[in-house]
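One-letter residues, chain by chain:
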Amino acid sequence: MPKITFIDVDGTSYEATVDAGLSLMEAAINVGVPGVLAICGGSCACSTCHAYIDDAWATVVGGPNDIEDATLDLANDRRSGSRLTCQVAVTAAMDGLVVHVAKND
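Given the structure is predicted, the values throughout are model-derived calculations rather than measurements.

Thoughts on the sheet that holds strand β5 (residues 98–101)
Consider a sheet: its strands pair through backbone hydrogen bonds, and that pairing is either parallel or antiparallel. What the 5 strands build is an open sheet, ordered β2-β1-β5-β3-β4; its pairing is mixed. The open sheet has two edge strands, β2 (13–17) and β4 (82–84), and neither has a second partner. Taken pair by pair, the neighbouring strands of this sheet meet at an average axis angle of 35 degrees, ignoring direction. Where strand β3 (residues 50–53) meets β4, 3 bridges bridge the pair, whose relative direction is antiparallel. Following the sheet pairing, H50 is matched in β4 by L84.

Comments concerning the pattern of salt bridges
Oppositely charged side chains may form a pair once their charged atoms are brought near each other. Evaluated as defined, the whole model comprises 4 salt bridges. Among the ionic pairs, D73 bridges to R78, the shortest N-O distance being 2.8 Å. One salt bridge connects R79 with D77, and the closest N-O pair in it is separated by 2.7 Å. The exposure class of R79 is partly exposed, given its relative accessible area of 46%. Of the residues examined, D77 reaches a relative accessible area of 47% and is grouped as partly exposed. It is possible to trace a salt-bridge network through shared partners that takes in D69, D73 and R78.

Parameters and conventions
- Each chain carries its own residue numbering, running from 1 in the direction its sequence is written.
- Reporting of local features is limited, given that this is a predicted model, to residues whose pLDDT is at least 70; pairs of side-chain atoms are given and counted only at 80 or more, and all residues count toward the totals for whole chains, interfaces and linings.
- The side-chain numbers reported here are obtained from all heavy atoms of the structure, hydrogens and water having been left aside.
- Paired strands are those between which DSSP finds at least two bridges.
- Only DSSP runs of H or I reaching four residues or more are called helices, and only runs of E reaching two or more are called strands; each is numbered from the N terminus.
- Throughout, an axis means a line fitted to C-alpha atoms (over the contacting stretch in the case of helices), and angles, computed between N-to-C directions, take values from 0 to 180 degrees.
- Salt bridges are identified by distance alone: a Lys or Arg side-chain nitrogen within 4 Å of an Asp or Glu carboxyl oxygen.
- For every residue, the accessible area (1.4 Å probe, protein chains only) is compared with the maximum for its type, and the residue is labelled buried under 20%, exposed over 50%, or partly exposed between those bounds.

Structure below.
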């Protein structure tokens, strides 16, 4: 199972061992990462699970589809590595991924 590190807006790290197939959002909620609000429950409708993927992981994680891209327009401080964690399915290749949670309040 891949290990994912989430870093909240205060710089606190949260380690998650995640079953492949779960979303990054589900993993963050399972380990209590603050800032991953997930108000829409993972339906790609609110951007409250917005996070940043480091450039080094961009190829592994991939980019947003058109619906996620449009929803990201609602996010605070969108950047090149912005993703909605509800839309990123964890794979074995993501072992070691570091995800920085955006300010989602």
